[in-house]
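Coordinates in review
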Amino acid sequence: MSLFAPGGSLSPAPTTGGDGLDSPDSRTERINRALAPRRGRSEPGTGWAPVEAAARVPVYQATTGEIGGLFPLLAANGVPAIGARMGYDVLSGGAFYCHPIEWLLRGLSTNPNMVIFGEPGRGKSSTVVAFCLRMMLFGIKTLISGDVKGEYTPLLRSLGITPIALGRGSSARLNALDLGPLAARWAGWTAARQREELTGILARWTKLLAALAETQGYQPTVTDELVLSVVLRRLVGVEDGSTRLRPITIPDVARALAHPDDDLWQVARFAGPREFLDHTRLITDALSNLVHGPLAGLFDEPTNFALDWDAPIQSMDLSLLRSRGDQAIAVALTCLGSWSSMITDLQDDGEIRIVVRDEVWRQMRLGLRAVHAVDSDLRLSRAERKIQLLVMHKPSDLLSVGAAGSQEVAIAKDLLALCSTRILLGQSTRVADELATELALSEREQDVTNGWAMERRGRALWKIENHPGWKVQTVLSATEQRIFDTNAQLRAHTPPAPAPLTPQPPPLPDVRAAASGQVNGYPLGASR
């Protein structure tokens, strides 16, 4: 019989007769009658209690709204039970689910983007991989736009997918100016659709080449961008009325700038070829350095692989580039970011994709245009049906993209506002203070990041915009723990532990040696 009934304030519940049954008067008024004594039937397994609690403690009845004030922690976590089951909420004990698209549609957030912070070894990679793997059950695919450390390769191999590796010893080549699906669909489009799509692709390529030139220490001007746009349009075959688009590479652009024809400098409104060469010398040298520098042979040849768009996950492994330096990795991330964004846009299959951008701060260090590229991708995530997931160590990573007070730093700090979901794993006290300042965490939430979350891997404070944070423990299965083990390489190169030493009794003296004046090879009375 329920203790809670609709009503006003708390009031004692009506009592019953001494025999445990309702009185004759109450039976005429009530429909539901007790069929057993208060303490239950005195039989095993029937709920019998040795003490009649109702006789010793008064029983009250109230509405569920009023009783919630007495037990405020006995409630669900408020997150809809849909999406990837990441673990459990330690406060309510219930399962914790994550689906940024559903959170957006239900009004919990304003965008589907996510950002995850955490010290090395706190479970960032495991949380990201678990999220991507479990979202596959809902038909959402993943693109790893630059796996700097090769941490996602075991997951791909366990799913029967071969990751695309770029770098030393790999034959894979990626053309940053690749046409992708545009070349195959060009003939079937109307003239208006062709102009629209080509304008977008040329603008993306122009921004990419300007950003790559900026990595070489040159700040492209508006005139440089105009020249690049004209060169790209001519090289792709639009100006001559061709019905098919010609593939182009970065070396083609550098050669067109170094050896301009008369039409090129006239269209760009230069007085003559000498003025054209003098103005474009720096950007030509900057693009040429990409062809002959540490990235030679990676992004200056036609693409020689095809992505399997039916696969649940694809990855670009850049771990082989680490020997070429941080700038090489940053340039590779920039090229991959632009290329993958264009390819997924043109794929136009109507599917939602997760785009993982690991150590994105490396890319943003290249300059203002690289920061603008990331900012644009985050702002267009809803329109492009993407879940952008940024992986970083600490908020100060965003402050290292430029000089203090610069435009790059200002834009980078605002990127956090474009990520509605923030996953905060364990951090030191100093970094936790930075997170509290940047994300407006309460004192208790800050204590979670530098206290509770530091006690075990996978513990994190999940924040959805201004909602109170949830203390979530990520749970991995035995198979996931084996696949997501980022310390596997350390274990593979760690020698086995030596066998424990068992105390051995000292050897007995050799009687024959003692007779000759020696014991165990040492003269009698000599020091060992």
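Rules used throughout
Residues numbered from 1 in each chain as written. Predicted model: local features only at pLDDT ≥ 70, side-chain atom pairs only at ≥ 80, totals over all residues. Heavy atoms only, no water. Helix = DSSP H or I, 4+ residues; strand = E, 2+ residues; numbered from the N terminus. Buried < 20%, exposed > 50% of the residue type's maximum accessible area, 1.4 Å probe, protein only. Contact = heavy atoms within 4.5 Å. Areas by Shrake-Rupley, 256 points an atom, 1.4 Å probe, with all protein chains shown as cover. Pairing = 2+ DSSP bridges. Axes fitted to C-alpha atoms, helices over the stretch in contact; angles between N-to-C directions. Parallel < 35°, antiparallel > 145°, perpendicular 65-115°, else oblique. Nonpolar A, V, L, I, M, F, W, Y, C, P; charged D, E, K, R; others polar.

**Side note on the overall build of the chain**
When helices and strands are counted, the chain shows 22 helices and 15 strands. By residue count, 46% of the 528 residues in the chain fall in the buried class. Pairs at least 24 residues apart make up 69% of the contacts formed inside the chain by residues separated by at least 6 positions. Accessible surface for the chain amounts to roughly 27400 Å². Of this, 54% is attributable to carbon and sulfur atoms.

**Topic: the pairing of strand S10 (residues 386-392)**
Extensive coverage of S10 is indicated by the burial of seven of its seven residues. One ladder, built from four bridges, connects strand S5 (residues 114-117) with S10; its direction is parallel. Looking across to S10, one finds that Phe117 is bridged to Met392. Where strand S9 (residues 353-358) meets S10, six bridges bridge the pair, whose relative direction is parallel. Within S10, the position partnered with Val355 by the bridge is Gln388.

**Looking at the packing of helix H8 (residues 191-215) against helix H12 (residues 273-292)**
Closest axis-to-axis distance for the H8/H12 pair is 9 Å, and the angle between their directions is 85 degrees. One finds that H8 runs roughly perpendicular with respect to H12. For the pair formed by H8 and H12, the contact residues are Leu209, Leu212, Ala213 and Thr215 on the first element and Ile283, Ala286, Leu287 and Leu290 on the second. Its residues assigned to classes, the contact of H8 with H12 shows seven nonpolar, one polar and no charged.

Treat this as a map of the structure, not an account of what it does.
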